[in-house]
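Chain by chain, the residues:
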Amino acid sequence: MSLLTNVMDHSLDDGYAEAAARKRAAGTGGLPKTLRAKLGLAAGLVLAALVVTVGAAQARVAAPAAAKEREELIDRIDQETSAADDLEDDVDALREDVGARQREALQHTGDGDRGELVGVLSGAVAVHGPGVKLVVNDAKDASTGGDGTPRGTSGFSDTGRVRDRDMQRVVNGLWAAGAEAVSINGQRLTALSAIRAAGDAILVDNRPLVPPYTVLAVGDGQQLSSTFQNSADGLYLNALEENYGIRTGISTEDDLRLPAAPSVIVRTAQPKTEKGTT
């Protein structure tokens, strides 16, 4: 307490107090005494006020210019975004046109049923018929398996999500079980389709899909369902459900409708012609 009392009673150091007393005795403390000193102080204050005023005026002038540049930038972004959307629409329209021409060419091959079969197997034409509807969804807790332990993955930390390799096994299992046509979330698969991953997203032919993943497979519904569920790929899917909480559901349907693939582009294979024909 004595230390605190001393600090409160002697808040100013004795040396500072002595120096202030000497300035007061010499007449050098406080405001300027001479006219010249007073004029210098006034000039300094005026100069400081002028600098502050000029700075404020420049800021006010620059503000509308910055706002205008921002508006122009936003307009340019909107224009470029609109142009990109138009280009995407053009690409989709061209794909539809190419697909329509391919389907028309298949219908006029002159081979009758063979041409239709080629169209179905290649995904170039829309199809419908009985089959299987399989829904695959992420686990409710997408970070752990059904038993609360992390799901072993190759580089993926979020272990409750359906991965591209899972969908690859599902689709391949359906083909092997006798499916004649397959689609995922309304996107028709062909022999050239690729199921890949980009981060946590699954891409089918470079188009992102979002869960739940609805797989439609046209074929003999009961036999297709039974064969798939008893296959290695069906058991793999069942293991994902039991061990990691992946949600699945399979049912047979009387009439499934699958769209045609947007376009089927063959870059290497060429039709074989018989000898002696032109």
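Note that the structure is predicted; figures quoted are calculated from it, not measured.

### Describing the packing of aromatic side chains
In step 1: This model, assessed by the stated rule, comprises 0 aromatic pairs.
In step 2: Its end group placed over the ring of Tyr236, Arg169 keeps NZ or CZ at 4.3 Å from the ring centre.

### Thoughts on the side chain of Ser225
In step 1: Structurally, the position occupied by Ser225 is in helix 6 (residues 221-230).
In step 2: For Ser225, a relative accessible area of 9% translates into the label buried.
In step 3: Reaching out from Ser225, the side chain makes a polar contact with the side chain of Gln229 at a distance of 2.9 Å.
In step 4: The residues contacting Ser225, other than those within four sequence positions of it, are Val132, Ile250 and Thr252.

### With respect to the nonpolar core
In step 1: Counting residues in hydrophobic clusters, the biggest one holds 25 residues, and the most contacted among them are Met167, Ile184 and Val215.
In step 2: Going through the elements one at a time, strand 1 (127-137), helix 5 (164-176), strand 2 (181-184), strand 5 (201-204), strand 7 (213-218), helix 6 and helix 7 (232-244) are the ones with two or more residues in this core.
In step 3: For this core, the element with the most residues is helix 5, which contributes 4 residues.
In step 4: Ignoring anything within four residues of it in the chain, the contact list for Met167 reads Val136, Val162, Ile184, Ile195, Ile202, Tyr213 and Val215.

### Details of the pattern of salt bridges
In step 1: As enumerated under the stated definition, the model contains 3 salt bridges in all.
In step 2: Between Asp138 and Arg161 there is a salt bridge, with the nearest N and O atoms lying 3.8 Å from each other. With Asp138 in the loop between strand 1 and helix 5 and Arg161 in the loop between strand 1 and helix 5, the pair connects residues that are 23 residues apart, well separated along the chain.
In step 3: For Asp138, a relative accessible area of 10% translates into the label buried.
In step 4: Given the relative accessible area of 27%, Arg161 is considered partly exposed.

Cut-offs applied
- Counting of residues starts from 1 at the beginning of each chain's written sequence and follows it residue by residue.
- Side-chain atom pairs in this predicted model are given and counted only at pLDDT of 80 or more, local residue features only at pLDDT of at least 70, and totals for whole chains, interfaces and linings cover all residues.
- Hydrogens and water are ignored here; the side-chain numbers use all heavy atoms of the structure.
- Stacked, tilted and edge-to-face pairs are distinguished by plane angle, under 30 degrees for stacked and over 60 for edge-to-face with tilted covering the rest, among Phe, Tyr and Trp rings (Trp via its six-membered ring) whose centres lie within 6.5 Å.
- Only when the NZ of Lys or the CZ of Arg is both within 6 Å of the ring centre and within 35 degrees of the ring normal is a charge said to sit over the ring.
- The way it works is that DSSP assigns letters per residue, a run of H or I at least four long becomes a helix, a run of E at least two long becomes a strand, and they are numbered from the N terminus.
- Three labels apply to residues, based on accessible area from a 1.4 Å probe with only protein chains included: buried if under 20% of the type maximum, exposed if over 50%, partly exposed otherwise in between.
- We define a polar contact as two N or O atoms separated by no more than 3.5 Å, with the added condition that, inside protein, one atom must be a possible hydrogen donor and the other a possible acceptor, whereas residues neighbouring each other in sequence contribute only through side-chain atom pairs.
- Contact criterion: two residues are considered in contact whenever any of their non-hydrogen atoms come within 4.5 Å of each other.
- What is meant by a nonpolar core is a set of buried Ala, Val, Leu, Ile, Met, Phe, Trp, Tyr and Cys residues, joined one to another through side-chain atoms within 4.5 Å.
- Salt bridge, as used here: a side-chain nitrogen of Lys or Arg that lies within 4 Å of a carboxyl oxygen of Asp or Glu.

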